Amino acid sequence: MEKFDSNSFHSSILAEFKKLDDIMEAFQNEFKTEILDLIINSFKQANFSEELEEMVLTYANQIFNTAESVSDKDKNYNEFRLADEVNIMTKVVTELSEQNKESKELADKIHQKAKELMVNYNPFIMDLSANGFRLLEKYTLMYNNFFIGSFTAHIQNA
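Remember, it's a predicted structure, so these values are computed and weren't measured experimentally.

Enquirer: Please explain the packing of aromatic side chains as it appears in this structure.
Expert: How two aromatic rings sit relative to each other is set out by the distance from centre to centre and by the angle between their planes. In this structure the tally under the stated criterion is 7 aromatic pairs. Centre to centre, the rings of Phe27 and Tyr121 are 5.3 Å apart; their planes meet at 75°, and the pair counts as edge-to-face. Remark: Tyr121 occurs in helix α4 (residues 104-121) and Phe27 occurs in helix α1 (residues 6-42); sequence separation between them is 94 residues. Residue Phe27 is classed as buried on the basis of its relative accessible area, which comes to 0%. Their ring planes at 80° and their centres at 5.2 Å tell us that Phe31 and Tyr59 sit as a pair that is edge-to-face. Here Phe31, found in helix α1, pairs with Tyr59, found in helix α2 (residues 50-76); they are 28 residues apart in sequence, far enough to count as distant. Of the two residues examined, Phe31 and Tyr59, each falls in the buried class. In textbook terms, an aromatic cluster arises when at least three aromatic residues are bridged by ring pairs, as seen for Phe27, Phe31, Tyr59, Phe64, Tyr121, Phe147 and Phe151. One Lys or Arg, Arg81, reaches over the ring of Tyr77 and ends 3.7 Å from the middle of that ring.

Dropping the structure here:
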């Protein structure tokens, strides 16, 4: 029986965290660039600001973390529990979408780009069950609506 090497284990854990941090940083950078370009090209009143950049980075973190969270739920929840959460999230997203209906076109463009980037950086998404995909879609729509609401308020206050 091999003796446990805590130094090797510690180094291995740190290497995995570093790898995840590098992936997250790359995702954030590409997400920020793509979403800001989309906003500035689609919404002529939008000007780059640190506040807008911070909103986009928050959105990026939410999207990235949601992919991992839903993947974990998909692996550990039974189908009934997943379906129940999909139904609950559908109601939440419907209400939020109604509040942001004036910005639907921009919201849809941003949502599509966010999903594309999320899939590029999280290949395990392709292994989700049908309800896992539905749940991921609802969560990404929820965060899209949060972002659009914040962005709209930012533009109105600028």
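Enquirer: I tried to follow the nonpolar core on my own but got confused; where do I start?
Expert: Among soluble globular proteins, nonpolar side chains are generally buried collectively. Counting 40 residues, the largest nonpolar core has Phe27, Phe31, Ile39, Val56, Tyr59, Ile110 and Phe147 as its most contacted members. Looking at this core, the elements that each hand over two or more residues are α1, α2, α3 (79-99), α4 and α5 (130-157). Element by element, the count of residues in this core is highest for α5, at 10 residues. When neighbours within four sequence positions are excluded, Tyr59 is seen to be in contact with Phe31, Ile110, His111, Ala114, Tyr143, Asn144 and Phe147.

Enquirer: Is there a simple way to explain the environment of Met126 in this structure?
Expert: Examined against the element boundaries, Met126 turns out to sit in the loop between α4 and α5. Here the alpha-carbon distance between Met126 and Leu106, two residues 20 residues apart in the chain, equals 26 Å. Apart from the residues within four sequence positions on either side, Met126 is in contact with Val119 and Phe133.

Enquirer: How should I be thinking about the pattern of salt bridges in this particular structure?
Expert: In a structure, side chains of opposite charge can pair up when their charged atoms sit close to one another. If you walk through the whole model with that rule in mind, you get 9 salt bridges. Lys109 serves as the salt-bridge partner of Glu105, at 3.8 Å between the closest nitrogen and oxygen. Of the two residues, Glu105 and Lys109 are both situated in helix α4; the distance of 4 residues between them amounts to about one turn of the helix. When its relative accessible area of 59% is taken as the criterion, Glu105 is described as exposed. Note that Lys113 and Glu116 form a salt bridge whose closest N and O atoms lie 3.2 Å from each other. Placement of both Lys113 and Glu116 in helix α4 is noted, with a separation of 3 residues, approximately one turn of the helix. Given a relative accessible area of 18%, Lys113 falls into the buried group.

Conventions and cut-offs
- Residues numbered from 1 in each chain as written.
- Predicted model: local features only at pLDDT ≥ 70, side-chain atom pairs only at ≥ 80, totals over all residues.
- Heavy atoms only, no water.
- Phe/Tyr/Trp six-rings, centres within 6.5 Å; stacked < 30°, edge-to-face > 60°.
- Helix = DSSP H or I, 4+ residues; strand = E, 2+ residues; numbered from the N terminus.
- Buried < 20%, exposed > 50% of the residue type's maximum accessible area, 1.4 Å probe, protein only.
- Lys NZ or Arg CZ within 6 Å of the ring centre and 35° of its normal.
- Core = buried A, V, L, I, M, F, W, Y, C linked by side-chain atoms within 4.5 Å.
- Contact = heavy atoms within 4.5 Å.
- Salt bridge = Lys/Arg side-chain N within 4 Å of Asp/Glu carboxyl O.

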